[in-house]
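Okay, here's what each chain looks like letter by letter:
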Amino acid sequence: MPSNERLQAFEQAWLPQLNQPLAAAIAADTGDDQLAAAMQYSVLAGGKRLRPLLTVATLTTVGPTVDLGQDWRPIMALELLHTYSLIHDDLPAMDNDDLRRGEPTNHVKFGAGMATLAGDGLLTLAFQWLTATALPPLVQAKLTQALARAAGPSGMVAGQAKDIRSEHIDLPLSDLRVLHREKTGALLHYAVQAGLILAELPEAQWTPYLKFADAFGLAFQIYDDILDVVSTPSELGKATQKDAGEAKNTYPGKLGLEGANQALIATIEQGQTALATLPATVDTRLLAAFFSYFDTKRVKA
Ligand code: GRG
């Protein structure tokens, strides 16, 4: 089966299970109706659910059959946290964007104060959901530690701080890689790590999976930068051509579109090489299929 079809079949099998309980679960855990509405608005606005899908794919690859049962909330916690980061990133004090996931941004709809609180609520609820089920206490503790490290001041928040500070400053490519690793890569790293923790795979066996995750994360950001240049707002559901306008540091800005596409192809190859180092008994086709998300033909040579 071609990779893109494998990924589509996997998405079709899992998205309903991941999405269906979300609205009611957010409402059940939120003590204010307007706040719940603001939180639900962005979570239900139609994201790809790439991060929880990566967690389930890792679990499927490592473990036996996956039955989320009552335990889907620890997996969707990451989507809550990711959505918080988008809401806060869009705020007037940050990127000041009006369109996200094809809809008006949270602050356009609810005002900046309520949007800030919707983000705060989602960030906090993510940690509540990590520890809300009957998973073994050590698994809960490891998930909590790993998500805090990925999302907080040693990960995504640090990357966002660098991003804000480096506008109108020309960063060397090596610094840009660090920024991307923190801002975008850390949550994708965690997405795979969460699958390894949930599967209770011994840490000595984690390296190839995490190398795959880190290559996927860098490729994801390079592709996001490429799409900003080559797409229209209606294709992406958000503003485009923003990076150049704001003199942001990007791969296309530093290497040109073709150079960025070459870097994307090389990064995908690194991820595939990492998967190839896993024992032959591990079926890596599902994780490898995630690379079909990147259309390297968007940029004509
Ligand atoms: C506010 C602390 C804080 C951090 C914000 C996520 C983020 C950090 C900034 C968003 C800016 C950006 C364009 C990052 C590039 C990668 C990215 C996170 C894209 C959006 O993720 P997708 O494509 O979105 O998975 P959907 O809507 O499908 O979930």
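Scroll up for the structure.
Rules behind the numbers
Residues numbered from 1 in each chain as written. Predicted model: local features only at pLDDT ≥ 70, side-chain atom pairs only at ≥ 80, totals over all residues. Heavy atoms only, no water. Helix = DSSP H or I, 4+ residues; strand = E, 2+ residues; numbered from the N terminus. Rg over C-alpha atoms; globule rule 2.2 N^0.38 Å. Contact = heavy atoms within 4.5 Å. Lys, Arg positive; Asp, Glu negative; His and termini not counted. Charge placed at Lys NZ, Arg CZ, Asp CG, Glu CD. Near = heavy atom within 4 Å. Polar contact = N/O pair within 3.5 Å; in protein donor to acceptor, adjacent residues only side chain to side chain. Nonpolar A, V, L, I, M, F, W, Y, C, P; charged D, E, K, R; others polar. Salt bridge = Lys/Arg side-chain N within 4 Å of Asp/Glu carboxyl O. Buried < 20%, exposed > 50% of the residue type's maximum accessible area, 1.4 Å probe, protein only. Expected span 1.5 Å × (residues − 1). Bend = angle between axes of the 7 residues up to and from the residue. Phe/Tyr/Trp six-rings, centres within 6.5 Å; stacked < 30°, edge-to-face > 60°. Axes fitted to C-alpha atoms, helices over the stretch in contact; angles between N-to-C directions. Parallel < 35°, antiparallel > 145°, perpendicular 65-115°, else oblique. Left-handed = near helix turned anticlockwise from the far one by under 90°.

**Student:** Just to check I follow, could you spell out the overall build of the protein chain for this structure?
**Tutor:** Secondary structure summary: the protein chain contains 15 helices and two strands in total. For 301 residues, the compact-globule estimate of 2.2 N^0.38 gives 19 Å, and the protein chain sits close to it at 19 Å. Taken along the three principal axes of its C-alpha coordinates, the protein chain extends 50 × 50 × 35 Å. For the protein chain, long-range pairs separated by at least 24 residues make up 74% of all intrachain contacts whose partners lie at least 6 apart in sequence. Of the side chains in the protein chain, 24 bear a positive and 33 a negative charge, and the two mean positions are spaced by 4 Å.

**Student:** Where do I start with the site of the ligand in this structure?
**Tutor:** Close contacts around the ligand come from 18 residues, with Lys 48, Arg 51, His 82, Ser 85 and Arg 101 the closest. In the model, an oxygen atom of the ligand is placed 2.6 Å from a nitrogen or oxygen of the Arg 101 side chain. Counting residues per element, the ones that place at least two in the shell around the ligand are helix 5 (72-90), helix 9 (156-166), helix 10 (173-198) and helix 11 (207-230). A total of five residues in the shell around the ligand trace back to one element, the largest contributor, which is helix 5. The class makeup of the residues in the shell around the ligand is four nonpolar, seven polar and seven charged.

**Student:** Can you help me understand the pattern of salt bridges in this one?
**Tutor:** Oppositely charged side chains may form a pair once their charged atoms are brought near each other. If you walk through the whole model with that rule in mind, you get nine salt bridges. For Glu 203, the salt bridge is made with Lys 142, and the minimal N-O distance between the two is 4.0 Å. Here the residue Glu 203 occupies a position in the loop between helix 10 and helix 11, and Lys 142 occupies one in helix 8 (residues 137-151), the gap between them amounting to 61 residues. Measuring nitrogen to oxygen at the nearest pair gives 2.7 Å for the salt bridge that ties Lys 162 to Glu 182. Here Lys 162 is found in helix 9, whereas its partner Glu 182 is found in helix 10, with 20 residues between them in sequence. For Lys 162, a relative accessible area of 26% corresponds to the partly exposed category. One connected set of salt bridges, linked through shared partners, spans Arg 49, Glu 79 and Arg 101.

**Student:** For this particular structure, what's the right way to read helix 1 (residues 3-19)?
**Tutor:** Since the α-helix packs 3.6 residues into each turn, any two residues three or four apart lie on the same face. If you check helix 1, its first and last C-alpha atoms are 23 Å apart, about what 17 residues at 1.5 Å a residue would give, namely 24 Å. By the largest-angle criterion, Ala 13 marks the main kink of helix 1, which is about 30°, and a proline, Pro 16, follows within four residues. Inspection of helix 1 places Arg 6, Leu 7, Phe 10, Trp 14 and Leu 18 among the buried residues, and these make up the whole buried set. Each element contacted by the buried residues of helix 1 is listed here: helix 2 (22-28), helix 4 (50-62), helix 5 and helix 15 (285-289).

**Student:** For this particular structure, what's the right way to read the packing of aromatic side chains?
**Tutor:** Pairs of aromatic rings are described using the distance from one ring centre to the other and the angle between the two planes. Inspection of every chain in the model, using the stated rule, returns 15 aromatic pairs. Pairing Phe 10 with Phe 290 gives two aromatic rings, centres 6.2 Å apart and planes at 65°, and the pair type is edge-to-face. Of this pair, Phe 10 sits in helix 1 while Phe 290 is found in the segment after helix 15, placing the two residues 280 residues apart along the sequence. Residue class for Phe 10 comes out buried when judged on its relative accessible area of 8%. Among the aromatic residues, those joined into a ring-pair cluster are Phe 10, Trp 14, Phe 212, Phe 216, Phe 220, Tyr 223, Phe 290, Phe 291, Tyr 293 and Phe 294.

**Student:** Just checking my understanding: could you explain the packing of helix 11 against helix 14 (residues 251-276) for this structure?
**Tutor:** The axes of two packed helices give the description: the angle between them and the distance between them. Contact geometry of helix 11 with helix 14 gives a least axis separation of 8 Å together with a crossing angle of 155°. On the basis of their axis angle, the class for helix 11 and helix 14 is roughly antiparallel. For helix 11 against helix 14, the interelement crossing comes out left-handed. Grouping the constituent residues of the contact of helix 11 with helix 14 by class yields 19 nonpolar, four polar and two charged.

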